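# Analysis of the macromolecular model
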Amino acid sequence: MKDEDFSFVRRAYFPTMIFQIDLPNPEKLNETLLNNIYGERERDQKGISRSNIPALGGWHSHNNLHKSEDYAELVELINKATDKLSENLGYADTHNLRIGTMWSIINPPRSANKAHVHPGCLWSGVYYIQSPEKCGNIEFVEPRTVHLMNQAKYQPNKKRPKECWTKVRFKPVPGRMIIFPSWLYHSVDTNMTEESGDAANRIIISFNLNQVKAK
Ligand SMILES: [Fe+2]
């Protein structure tokens, strides 16, 4: 039998979708956010304990930043991005994806975030404000753990098709937003920057999204 005697198609179902949004000129917004976040840390130095590691200096703000006028511009950007996401996936227009909780994390050198998921919501996101070189990539891992139990051998020195990856890492870039399913396990690598002082901090704002009735 010859190759042309049959058709051969690869179809991919049940994908894990990750959305990426990039602001071309984020400098002004990021400077404002940076100042507001440092102000918040000044007011609430202890913060709260979640995936951050407080013993290593990782600071996590409270979860209601979206209710403050200080973050209105970012909230507007997130709403625009999530409206596009809803449209892209054909979600009902009786509902909008909106922020339920929003917080900031500052990871100083040698700090990291443990692997975790975000229960109780549909989508979660992160927006990068400051990210010096080697400050820690975010890593998402294969949610279908059955795939991790027994893996095929792949050609050495050749990149696997994306559909066969068991992890994916994003380098944080200021002005970039990543929106991912809330159930997708993720962690942040240790901040190994060679910068010092405030410039060494990895600074992000993260948020959880749910569908709420459109007004
Ligand atoms: Fe997270």
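Details of the structure are given in the entry above.
Computed from a predicted model, the values in this text were never measured in an experiment. Each chain carries its own residue numbering, running from 1 in the written order of its sequence. Confidence filtering applies because this is a predicted model: local features only for residues at pLDDT of at least 70, side-chain atom pairs given and counted only at 80 or more, and all residues used for totals across whole chains, interfaces and linings.

## So, the overall build of the chain
Helix and strand counts for the chain come out as 3 helices and 10 strands. When the helices and strands of the chain are read in sequence order from the N terminus, they spell out β-α-β-α-β-β-β-β-α-β-β-β-β. Projected onto its principal axes, the C-alpha positions of the chain cover 75 × 45 × 30 Å. The burial criterion counts other C-beta atoms lying within 10 Å of a residue's C-beta, which is placed from the backbone; the residue is buried at 20 or more, exposed at 12 or fewer, and partly exposed between these limits. Each of the 215 residues in the chain was classed as buried or not, and the buried ones make up 26%. A separation threshold of at least 6 residues defines the contact pool for the chain, and within that pool the share at least 24 residues apart is 88%. The helix and strand labels rest on DSSP assignments: H or I over at least four residues marks a helix, E over at least two residues marks a strand, and numbering proceeds from the N terminus. Each residue is represented by a C-beta atom placed from its backbone, and any two residues with such atoms within 7 Å are regarded as in contact.

## Quick look at the sheet that holds strand S4 (residues 113–116)
For sheets, the rule is that strands pair by backbone hydrogen bonds, running either parallel or antiparallel. Pairing between strands is defined by DSSP: at least two bridges between them are needed. One open sheet accounts for 4 strands, arranged S4-S9-S6-S7; its pairing is antiparallel. The open sheet is flanked by S4 and strand S7 (167–170), the only strands paired with a single partner. Pairwise comparison of adjacent strand axes, ignoring direction, gives a mean angle of 15° for this sheet. The pairing of strand S6 (residues 138–141) with S7 spans 4 bridges and is classified as antiparallel. Angles here are taken between N-to-C directions and fall from 0 to 180 degrees, while the axes themselves are lines fitted to C-alpha atoms, restricted in helices to the stretch in contact.

## Some thoughts on the sheet that holds strand S1 (residues 19–22)
Strand order across the open sheet formed by 6 strands is S1-S8-S5-S10-S3-S2, with antiparallel pairing between neighbours. Whereas interior strands pair on both sides, the edge strands pair on one side only; in this sheet they are S1 and strand S2 (59–60). Across 5 bridges, strand S5 (residues 123–130) lies against strand S8 (residues 176–181) in antiparallel orientation. Bridging from a neighbouring strand, Ser124 pairs with Phe180 of S8. Where helix H2 (residues 72–89) meets the sheet, its contacts fall on S1, strand S3 (95–107), S5, S8 and strand S10 (202–213), and the angle it forms with S3 comes to roughly 130°.

## Quick look at unusual backbone geometry
Although it is not a glycine, Phe14 adopts a positive phi angle of roughly 55°. Within the fold, Phe14 resides in the segment before S1. For Lys134, which is not glycine, the phi torsion reads 60° and is therefore positive. Within the secondary structure layout, Lys134 lies in the loop between S5 and S6.

## Describing helix H1 (residues 27–43)
Note: α-helices contain 3.6 residues per turn, so residues at a spacing of three or four share the same orientation. For H1, spanning 17 residues, the distance from its first C-alpha to its last is 24 Å, which sits close to the expected 24 Å at 1.5 Å a residue. By the burial criterion, the buried members of H1 are Leu33, Ile37 and Glu40. Looking straight down H1, one finds that the buried residues subtend no more than 55° of arc, so they occupy a single side. Exposed side of H1, more than 90 degrees from the buried face: Glu27, Lys28, Glu31, Asn35, Gly39 and Glu42 are the residues found there. Where H1 is buried, its residues touch H2, S3, S5 and S10. Helix span is expected to be 1.5 Å times the residue number reduced by one. This arc describes the spread of directions from the helix axis toward the C-beta atoms.

## Topic: the nonpolar core
In a soluble, globular protein the nonpolar side chains are often hidden away together inside. The nonpolar core is taken to be a set of buried Ala, Val, Leu, Ile, Met, Phe, Trp, Tyr and Cys residues joined by way of C-beta atoms within 7 Å. In this structure, Leu74, Met102, Tyr127, Ile129, Ile204, Ile205 and Phe207 are the most contacted members of the largest nonpolar core, which totals 27 residues. A per-element tally of this core places S3 first, with 6 residues.

## Side note on the environment of Ser182
Locating Ser182 in the fold gives a position in the loop between S8 and strand S9 (186–188). Residue classification places Ser182 among the partly exposed residues on the basis of 16 C-beta atoms within 10 Å. Residues Ser182 and Glu139 lie 43 residues apart in sequence; the distance between their C-alpha atoms is 14 Å.

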